[in-house]
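# Breakdown of the fold
Chain by chain, the residues:
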Amino acid sequence: MQIKEFLKKLSEASGVSGYEAGVRELVREEFSQYADQIRIDTMGNLIALKRGEATQAPRRSIMLAGHMDEIGLLVTKLEKGFVRFSTVGGFDLRVLPGQEVLVHGRRDLPGIIATRPPHVLSPEEREQTMPLDKLFIDVGLPEEELAQLVRVGDVITLQRQFTELAGNLVSGKAFDDRAAVACIAYCLQHLAAMKHSWDVYAVATVQEEVGLKGALTSTFGLMPDIGVAIDVCHGNMLGVPEVDTVNVGGGPAIAFGPNIHSLLYSRLVETAKAFEISYQPDPTPGPSGTDAWAMQVTREGLPTALVSIPLRYMHTTVETLSLKDVERTGRLLALFIASLDEAFAQALGLKSE
Amino acid sequence: MKELIKELTEAYGPSGNEDAVRETIKRHIAGHVSEMRVDALGNLIALKKGQPQSGIEPRKIMLAAHMDEIGVIVSQIDEKGFLRFAPVGGVNPLTLLGSRVIFADGMIGVIGRERPEKPDEFPKIEKMFIDVGAPDKEHLTRKVGDMAAFLRPLADLGQRLTAKAFDDRIGCAILVQTAQELETTPHDVYFVFTVQEEVGLRGALTSAFGVEPDVAIAVDITTTGDTPEAYPMAVSLGAGPAIKVKDRGMLAHPGVKNWLAETAERLGLPYQFEVLEAGTTDAMAIQTSRAGVAAGVLSIPTRYAHTPSEMVDYNDVQNAVKLLVGLLSGPVKI
């Protein structure tokens, strides 16, 4: 697997929260090359199992979670040949006008989010962000034809081509969190050439952007011994204090804080040090806002960790990250998994039945 | 069915005090279901056992409608016998002024307001009180913690009905009617009348965990965009029951959404798709129960939600029953 090509495919695919089927096929194709078993659960989570080599009970398992859904839009109303819409997930309304979209009607229709020219705006409107109920999409069709092809509830994805910037950085949409899905695939590929005793559940989760729902239900169903979420975090950029960011190109950010089990954190850090993988400690004092937050309190609870890929311009269509960080994260995860043994399970106090 | 709707909407049942509603429902579904139980939170769980039919895979289906309504709770009583109160659920202060409320024992009170500093000041609940007509505190039998609901009889406007607590007694009425009309079904159908939806989907959370359904459909109300200068929304009264795509709390399972729509089309029933920008339903809690449930919502378009005068179209209500009966009679296609 070439990380760049896979990330490009994932990024350009459509998979708004609740409607991940399109992107899921791509993930399934990739994961199935390394998995012993693969299935889709009720919510739509893709669950790949790569068995560990342990022959003795108790069988231990680790769950990796990266979400494959992206934020998007939904048709709320057709009005005079234009499309009114609502958001799915946390969109920044300031970056919507002028975007190209794909309206998934009876067939896919390219459209643009209209931006009324400054000449026709009132002085007040020029000063403010357009509220959602003033925004609309133009697909170019007359009213009657539009009504035949588009219905209330149809999903809309933002369109953006994957772009390579200089310096091994890439830019595109939905890197949050498909870059993590690419990391997991890279990790599985590495593991194929390594020995590991624990079972690995690689889960591409759904509906993270609307409330961590896929992680909640898949963790309940799998009951892993430990869980690691892979997500993105804010990379360095102008106008944001350094203390709130990590460096893009500086390696995976390993979170610590109440959402993270301290032994998982230290094992990840030791692994990074032992194999000379650059990493960045990522203090996370409260809710991490990631799948790890839901995983931690599933059923009786489980030790969780969070590894994040530094990313600039989150929740826009120009999310930017370093491919090197994606590779390093995948490699770190594989080495971490290979290090898991029964002594570590005992140190974590995991049950033995 | 109008008699049933009237009886249910006029029953007293703020969140946590659903007993009267539950007793009414029990009376109406007795004989139409195989078994009934009440769980620890007070949810009424009625099972209609499936009859095996060749070629149809039996499923465990949960239908949910909530019995509770929004209301107020007495927080403090002053020397003169006026009752200060707090909201139970999403109560809009604007709808309280001039309203009458009723307590569990039938005592009636009216809602008054302190003199505002400015005549056009937005009313705040802290500045309001309930007057039950007691001459002084000594003659008052109310206590802190007593709950009251809006008092408002149902009015039959012909095609349309207006009442308090259509949210969600209309859902309860539809479930009761469906249980009565559904003669046989290949599926185990759980009619669940939930508690405490208005304070955070609490009854749905626990009942779904207990029932462990494969598929769930909440029946609840949705707002409309068909009144003057309403927020843009393509849902109207009388255009058929609404099939939810999304609300603030959840995305309906696309399979359940399509199953509802295809069944409506097969039966020639009108329907509309719904994208609701605010609010959510029991389906949100059911969806993430255990390892996940395929969950959707059938909504009854309702004007003036969370006021004492909510309004629904009787055709939408009847069509919702027909749709559910049709749905439960055939295979689950999701």
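Residues numbered from 1 in each chain as written. Chains lettered and ligands numbered in written order. Predicted model: local features only at pLDDT ≥ 70, side-chain atom pairs only at ≥ 80, totals over all residues. Heavy atoms only, no water.

### Notes on the pattern of salt bridges
- Tallied over the entire structure, the rule returns 33 salt bridges over all chains.
- Here A:Arg328 ties to A:Asp325 by a salt bridge, and the two come within 3.0 Å at their closest N and O atoms. Here the residue A:Arg328 and the residue A:Asp325 both occupy positions in helix H9 (residues 323-338), the gap between them amounting to three residues, near one helical turn.
- Among the ionic contacts, a cluster of salt bridges with common partners joins B:Asp105, B:Arg142, B:Lys143 and B:Asp146. (Salt bridge = Lys/Arg side-chain N within 4 Å of Asp/Glu carboxyl O. Helix = DSSP H or I, 4+ residues; strand = E, 2+ residues; numbered from the N terminus.)

### Quick notes on the domain arrangement of chain A
Residue and element names in this part refer to chain A.
- When cut into domains, chain A gives domain 1 (3-70 + 173-348) and domain 2 (72-158).
- Just the C-alpha atoms count here: the centres of domain 1 and domain 2 sit 33 Å apart.
- Facing twelve residues of domain 1, the contacting portion of domain 2 comprises twelve residues.
- Buried area between domain 1 and domain 2, summed over both chains or domains, comes out near 920 Å², and the portion from carbon and sulfur atoms is 67%.
- The largest contributions to the domain 1 side of the interface with domain 2 come from Val16, His315 and Thr317, which together make up 47% of the buried area. (Domains from an automatic or database assignment. Contact = heavy atoms within 4.5 Å. Buried area = accessible area lost by both parts, 1.4 Å probe.)

### Looking at the state of the cysteines
- Tallying each qualifying case throughout the model produces zero disulfides over all chains.
- Of all cysteine sulfurs in the structure, the one in A:Cys183 sits closest to A:Cys233, which takes part in no disulfide; the separation is 11 Å. (Disulfide = S-S within 2.5 Å.)

### Some thoughts on the nonpolar core
- If you look at the biggest cluster of nonpolar residues, it comprises 81 residues, and the most contacted ones within it are A:Phe31, A:Ile62 and A:Leu64.
- Of all the elements, helix H5 (residues 175-191) of chain A adds the most residues to this core, at twelve residues.
- With residues near it in sequence (within four places) discarded, A:Leu64 still touches A:Ile184, A:Cys187, A:Val200, A:Tyr201, A:Ala202, A:Val203, A:Val228, A:Ile230, A:Leu333 and A:Ile337.
- Grouped together as the second largest cluster of nonpolar side chains are 66 residues, A:Leu74, B:Ile29, B:Cys172 and B:Ala294 included. (Core = buried A, V, L, I, M, F, W, Y, C linked by side-chain atoms within 4.5 Å. Buried < 20%, exposed > 50% of the residue type's maximum accessible area, 1.4 Å probe, protein only.)

### Describing the packing of helix H2 (residues 19-29) of chain B against helix H3 (residues 166-181) of chain B
All names here are of chain B.
- Closest axis-to-axis distance for the H2/H3 pair is 9 Å, and the angle between their directions is 20°. When the interaxial angle is binned, H2 and H3 end up roughly parallel. Regarding H2 and H3, the two cross each other, and that crossing is right-handed. Along the contact surface, H2 presents Val21, Ile25, His28 and Ile29, while H3 presents Arg169, Cys172, Val176, Ala179 and Gln180. (Axes fitted to C-alpha atoms, helices over the stretch in contact; angles between N-to-C directions. Parallel < 35°, antiparallel > 145°, perpendicular 65-115°, else oblique. Left-handed = near helix turned anticlockwise from the far one by under 90°.)

### What to know about the sheet that holds strand S17 (residues 319-322) of chain A
All names here are of chain A.
- A sheet is described by the order of its strands in space; here three strands give the open sequence S10-S11-S17, paired in antiparallel fashion. Two strands close off the open sheet at either side, each with one partner strand: strand S10 (163-164) and S17.
- Pairing of strand S11 (residues 169-172) with S17 involves four bridges; the strand directions are antiparallel. Residue pairing for S17: Gly172 is matched across the bridge by Glu319.
- Lying over the sheet, H5 contacts S11 and S17, oriented at roughly 30° with respect to S17. (Pairing = 2+ DSSP bridges.)

### Remarks on the side chain of A:Arg312
All names here are of chain A.
- Considering the arrangement of structural elements, one finds Arg312 in the loop between strand S16 (304-311) and S17.
- Engagement of the side chain of Arg312 in a polar contact is seen with the backbone oxygen of Asn236, the distance being 2.6 Å.
- For Arg312, the contacting residues outside a window of four places in its chain are Leu169, Gly235, Asn236, Met237, Val248, Val318, Glu319 and Thr320. (Polar contact = N/O pair within 3.5 Å; in protein donor to acceptor, adjacent residues only side chain to side chain.)

### Some words on the sheet that holds strand S12 (residues 188-194) of chain B
Residue and element names in this part refer to chain B.
- An order of S1-S2-S12-S3-S13-S16-S14-S15 is seen for the eight strands of this open sheet, with the pairing classed as mixed. Looking along the sheet, the strands with just one partner apiece sit at the ends: strand S1 (35-38) and strand S15 (272-275). On average, each strand axis in the sheet is tilted by 25° relative to the strand beside it, whichever way the strands run.
- In the sheet, strand S14 (residues 242-246) pairs with S15 via four bridges, with the strands oriented parallel. When the sheet's bridge partners are listed, Ala242 is paired in S15 with Gln272.
- Packing of helix H5 (residues 254-267) onto the sheet brings it into contact with strand S3 (60-66), strand S13 (215-222), S14, S15 and strand S16 (294-301), and relative to S13 it is tilted by some 70°.

### Quick notes on unusual backbone geometry
Residue and element names in this part refer to chain A.
- A cis amide bond links Ala57 with the next residue in sequence, Pro58, at an omega value of -5°.
- With respect to the element layout, Pro58 can be found in the loop between strand S2 (46-50) and strand S3 (61-67).
- In this structure, the amide linkage connecting Asp176 to the following residue, Asp177, adopts the cis form with an omega of 15°.
- Summarising the element assignment, Asp177 is placed in helix H5.
- Unlike most non-glycine residues, Gln207 shows phi in positive territory, near 55°.

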